[in-house]
Amino acid sequence: MMQPTKLFDNFFDAETITSTRLANFANDCLNRLTANNAGKTFDTLIGKLTPALTALHEELGEVDTTLNQRKGKTLTVDTFIEEFKNTMRNLYSGIAYKLGGEKTPGFLEFYPNGKSEYTNANKTELPTLLARITAATNSHKAVLDKDITDQLISLESNWNSSRNSQQQAKANVSDNLTDRTAARQSVENALLVVVHTIAANYPGNVQQCLAFFDFTMLEAKGKSSTTQPTPTPPNP
């Protein structure tokens, strides 16, 4: 049985159609319209689709840039963790010497479980370890060299700075992704106009209409657009 609602529904508004696939599909459609616009038949459609598609491409580029920036922030956190491990490994002997040896209570405030606890530390464990280091440093800064004290005290603040930057980057990505809907909706609406106009120009001529669209580009594993026939200009 025929389902009239399907004829007028927004069939581009689907979770399976990513914005990148939609943009590629729209770009391919625009190229087909332009290639067969010798008689300026499709000027209106081209004029409607072009700015909407440009805006979507710009926003997709912004998302990509923001995600790359977020990766950069993540690398900053990862870099801090490596530096943290190196610092606690390198200061081990110096702290032991200043506090009277590896068996002393003061030294065990820093390394209660040995050096490996720091060299194997992960992001989840870092806040607890850093709080311990800060407390122990403040308790023994009169005995420790200023250079050692400065390195140890700076660890917690550097971690907080790196972590906050990463969280802010994540929030920015979330905001940017939320804002994509306006540009995408404009492209969807423009494509709907194109589809229905082409259908009106060639009523009942399925092959001629399909020649303007490669719907496989909207699929996750679509075929190349070369599988679609090239549209021929309308008869005068």
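Everything that follows concerns the structure shown earlier in this document.
Residues numbered from 1 in each chain as written. Predicted model: local features only at pLDDT ≥ 70, side-chain atom pairs only at ≥ 80, totals over all residues. Heavy atoms only, no water.

Novice: I tried to follow the overall build of the chain on my own but got confused; where do I start?
Specialist: Helix and strand content of the chain: ten helices and zero strands. Starting at the N terminus and ending at the C terminus, the chain contains elements arranged as α-α-α-α-α-α-α-α-α-α. A burial count over the chain gives 36% of its 236 residues as buried. Residue pairs in contact within the chain that sit at least 24 positions apart in sequence constitute 69% of those at least 6 positions apart. Total accessible area on the chain stands at roughly 13600 Å², and carbon and sulfur atoms take up 53% of it. (Helix = DSSP H or I, 4+ residues; strand = E, 2+ residues; numbered from the N terminus. Buried < 20%, exposed > 50% of the residue type's maximum accessible area, 1.4 Å probe, protein only. Contact = heavy atoms within 4.5 Å. Areas by Shrake-Rupley, 256 points an atom, 1.4 Å probe, with all protein chains shown as cover.)

Novice: What exactly am I supposed to notice about the nonpolar core here?
Specialist: A general trend in soluble globular proteins is that nonpolar side chains are found buried together. Core analysis: the biggest nonpolar cluster contains 29 residues, and Phe-12, Leu-22, Leu-33, Phe-42, Leu-191, Ile-198 and Phe-213 have the highest contact counts within it. At the level of elements, helix 2 (19-35), helix 3 (43-90) and helix 9 (181-201) are the ones that each hand at least two residues to this core. No other element matches the eight residues that helix 9 contributes to this core. What Leu-191 contacts, discounting residues up to four positions off in sequence, is Phe-12, Leu-22, Phe-25, Ala-26, Cys-29 and Leu-49. With 25 residues, the next largest nonpolar core counts Met-88, Leu-144, Ile-148 and Trp-159 among its residues. (Core = buried A, V, L, I, M, F, W, Y, C linked by side-chain atoms within 4.5 Å.)

Novice: How should I be thinking about the packing of aromatic side chains in this particular structure?
Specialist: For any pair of aromatic rings, the description rests on two quantities: the centre-to-centre distance and the angle between the ring planes. What the rule picks out here adds up to 14 aromatic pairs. Centroid distance Phe-25 to Phe-213: 6.3 Å. Interplanar angle 20 degrees. Geometry classified as stacked. In this pair, Phe-25 sits in helix 2 while Phe-213 sits in the segment after helix 10 (206-210), placing the two residues 188 residues apart along the sequence. For Phe-25, a relative accessible area of 0% gives the class buried. Owing to a relative accessible area of 3%, Phe-213 belongs among the buried residues under this scheme. Aromatic side chains Phe-80 and Trp-159 sit 5.6 Å apart centroid to centroid with 40 degrees between the ring planes, which places their arrangement in the tilted category. Within this pair, whereas Phe-80 is found in helix 3, its partner Trp-159 is found in helix 8 (residues 146-178), the two being separated by 79 residues in sequence. Note on Phe-80: relative accessible area 6%, which makes it buried. Taking the relative accessible area as the measure of exposure, Trp-159 reaches 5% and is therefore buried. Pairwise contacts between aromatic rings join Phe-80, Phe-84, Tyr-92, Phe-107, Tyr-111, Tyr-118 and Trp-159 into one cluster. (Phe/Tyr/Trp six-rings, centres within 6.5 Å; stacked < 30°, edge-to-face > 60°.)

Novice: Can you walk me through the pattern of salt bridges in this structure?
Specialist: In this structure the tally under the stated criterion is six salt bridges. Close ionic contact of Arg-32 with Asp-28 constitutes a salt bridge, the shortest N to O distance being 2.7 Å. In this pair, Arg-32 and Asp-28 both sit in helix 2, four residues apart, roughly one turn of the helix. The exposure class assigned to Arg-32 is buried, which follows from its relative accessible area of 10%. Residue Glu-117 is joined to Arg-132 by a salt bridge in which the shortest nitrogen-to-oxygen separation is 3.0 Å. A residue pair is termed long-range when its members are at least 10 positions apart, and Glu-117 in helix 6 (residues 116-119) and Arg-132 in helix 7 (residues 126-140) qualify at 15 residues. On the basis of relative accessible area, Arg-132 is assigned to the partly exposed category, the value being 21%. (Salt bridge = Lys/Arg side-chain N within 4 Å of Asp/Glu carboxyl O.)

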